[in-house]
Amino acid sequence: MRAAGVAVSGLWCEDWCGIRETSFGRRLFWDWQWNPARYTDLPARIAALRAEGIGFLGYVNPYLAVDGPLYAEAKAAGFLARRLDRDEPYGVDFGEFLAGVVDLTNPAAAPWFAERIIGREMLDRGLVGWMADFGEYLPTAVRLHSGEDPMEAHNRWPVLWAAVNAQAVASRGRTGDALFFMRAGWTGIGAHCPLLWAGDQLVDFSRHDGINTAITAALSAGLVGNAWHHADCGGYTSVQGTVRTAELLHRWFDLTAFTPVMRTHEGNRPDVNLQVDSTTSLLAHFARMTQLHAALAPYVLAAGDEAVRRGLPLMPPLFLHYADDRRCWTLQDQYLYGRDLLVAPVVSEGVESRDVYLPHDEWLGLYDGAPVAAGWHHVAAPRGMPPVFVRAAAPMRAVLLALGREHAAAGALT
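Residues numbered from 1 in each chain as written. Predicted model: local features only at pLDDT ≥ 70, side-chain atom pairs only at ≥ 80, totals over all residues. Heavy atoms only, no water.

Let us now look at the side chain of R251. Examined against the element boundaries, R251 turns out to sit in helix α7 (residues 246–256). Looking at R251, its side chain comes within polar contact range of the main-chain oxygen of A381, at 3.0 Å. For R251, the contacting residues outside a window of four places in its chain are F205, I211, V346, V351, E352, A381, P382 and R383. (Helix = DSSP H or I, 4+ residues; strand = E, 2+ residues; numbered from the N terminus. Polar contact = N/O pair within 3.5 Å; in protein donor to acceptor, adjacent residues only side chain to side chain. Contact = heavy atoms within 4.5 Å.)

Before going further, it helps to spend a moment on the environment of H321. Its place among the elements puts H321 in the loop between α9 (297–310) and β16 (335–337). For H321, a relative accessible area of 21% translates into the label partly exposed. In sequence terms H321 and S348 are 27 residues apart; their C-alpha atoms lie 26 Å from each other. Sequence-distant contacts of H321, defined by excluding residues within four places in its chain, comprise L312, P316, L336 and R339. (Buried < 20%, exposed > 50% of the residue type's maximum accessible area, 1.4 Å probe, protein only.)

What follows is about the sheet that holds strand β8 (residues 98–101). Taken in spatial order, the three strands make up an open sheet running β5-β8-β7, and their pairing is antiparallel. Each edge of the open sheet carries a strand with a single partner, namely β5 (63–65) and β7 (91–93). Looking at each pair of strands side by side, their axes are set apart by 40° on average, direction ignored. (Pairing = 2+ DSSP bridges. Axes fitted to C-alpha atoms, helices over the stretch in contact; angles between N-to-C directions.)

On to the sheet that holds strand β4 (residues 55–60), then. Judged by pairing direction, the sheet is parallel, and its six strands sit side by side in the order β1-β4-β9-β11-β12-β13 without closing on themselves. Only two strands of the sheet have a single neighbouring strand rather than two, namely β1 (10–12) and β13 (229–230). Looking at chain direction, strand β9 (residues 129–132) and strand β11 (residues 179–182) are connected through three bridges and run parallel. The partner of M131 across the bridge, within β11, is F181. Relative to the sheet, helix α5 (residues 157–171) contacts β4, β9 and β11, its axis offset from that of β11 by approximately 170°.

On to the pattern of salt bridges, then. If the charged atoms of two oppositely charged side chains come close together, the side chains can form a pair. Under the criterion given, the structure shown has 26 salt bridges. Ionic pairing is found between R125 and E121, a salt bridge with its closest N-O pair at 3.5 Å. The class of R125 is partly exposed, set by a relative accessible area of 30%. With relative accessibility at 7%, the residue E121 sits in the buried group. Residue R183 is joined to E136 by a salt bridge in which the shortest nitrogen-to-oxygen separation is 2.5 Å. You can see R183 sitting in the loop between β11 and β12 (195–197) and its partner E136 sitting in the loop between β9 and β10 (142–143), a full 47 residues away along the chain. Overall, R183 belongs to the partly exposed group, its relative accessible area being 24%. In the salt-bridge network here, residues are joined through shared partners; they are E73, R116, E121 and R125. (Salt bridge = Lys/Arg side-chain N within 4 Å of Asp/Glu carboxyl O.)

Below, the discussion takes up a nonpolar patch on the surface. A cluster of nonpolar side chains, contributed by L223, V224 and L320, occupies part of the molecular surface with about 270 Å² of accessible area. Since its relative accessible area comes to 66%, V224 is described here as exposed. (Patch = residues over 30% accessible without salt bridge, like charges linked within 9 Å, V, L, I, M, F, W, Y side chains within 5 Å. Areas by Shrake-Rupley, 256 points an atom, 1.4 Å probe, with all protein chains shown as cover.)

Pairing of β5 with β8, which is carried by three bridges, proceeds in the antiparallel orientation. Paired with L64 across the strands is G100, a residue of β8. Counting the residues that bridge the hairpin from β7 to β8 gives four residues, and of these G95 lies at a positive phi of roughly 100°.

Dropping the structure here:
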């Protein structure tokens with residue numbers, strides 16, 4: 001990938017802990033320790049990557065597979081949520097394997113998880129980040145240490161899970177440095193979790209679970225106080241014979257280049273799905289969009305500073321800045337990126353153009369700097385050049401237009 005020009009800042013290897021093959025596809029082995037059989041001499045590899053400026057990220061969730069050693073350790077210490085009918089850990093069926101629920105209401109269990117697993121097994125081995133998955137799966141038929149009804153504990157469960165991760169990061173002096181991202185939340189999540197992602201999109205263009213739901217998720221998350229959001233580039237879930245097409249991946253590249261984090265995912269059935277390096281054309285397009293994503297960093301950092309000052313998301317719906325324009329109230333397939341970019345990716349199959357609405361303001365095309373009037377426009381949207389417009393009053397206008405012209409010089413993909 002680097003030879004092809006991909007801008008690489010990190011490797012996200014969720015399978016650092018090993019894998020479990022199921023009928024759903026390739027899952028992880030839910031025992032959160034380095035698996036030497038899958039990653040030989042991982043600590044040395046992490047150190048070598050770090051010397052090259054590349055971080056290593058992994059995966060963790062608040063459940064422990066019953067056939068893993070950490071489950072036995074947690075059970076012996078009384079750190080697992082119990083069954084209603086007897087003093088045994090409750091086992092959750094996650095699809096052909098059982099896992100115990102670490103009881104985050106237990107004042108001893110939460111710090112144990114933060115130190116024993118995230119601290120010692122992850123941060124101390126050199127991981128700089130991870131997907132802190134789940135957080136929304138609290139069974140309703142468990143007994144919690146706090147004695148509260150799990151139905152009532154359900155909503156705050158992801159906040160407890162986020163706090164465990166934040167506690168581990170703080171214990172190593174890595175707050176603001178090590179990064180974890182979650183898909184679940186509730187009131188207060190922003191105090192602990194620095195980044196959300198959109199969960200598990202289908203690998204298709206379907207309206208209610210495909211690529212464009214990544215935009216809807218970002219808009220919704222931003223409105224309730226989460227500044228930073230992203231999605232699995234390429235989608236995740238491949239079921240009932242649905243697999244990625246090259247067209248889908250191309251459109252994902254265009255979308256994620258204009259989001260705060262550009263992270264790929266091999267999916268639950270990686271062997272039958274196209275990956276970003278499956279063909280030379282996919283890899284070339286991916287490399288090109290990662291370069292644009294990296295070049296946008298000064299603008300994104302400035303937008304991030306504004307998010308801190310004012311509580312604004314980096315991917316707001318148009319009506320957040322143009323509340324008096326009723327046409328902006330229902331748009332769910334375009335968004336602002338920071339204050340000064342308007343992005344309208346293609347999220348429909350088989351099209352090379354789309355309708356874009358520009359609210360009342362002065363706009364310039366990103367790729368040619370040409371002025372564009374407010375209102376509806378039907379614009380070309382070839383792969384590699386998603387419709388993007390710059391607000392004419394943008395403080396970084398000259399920088400953005402220079403980046404756009406440089407990107408456009410290579411031409412659209414065919």
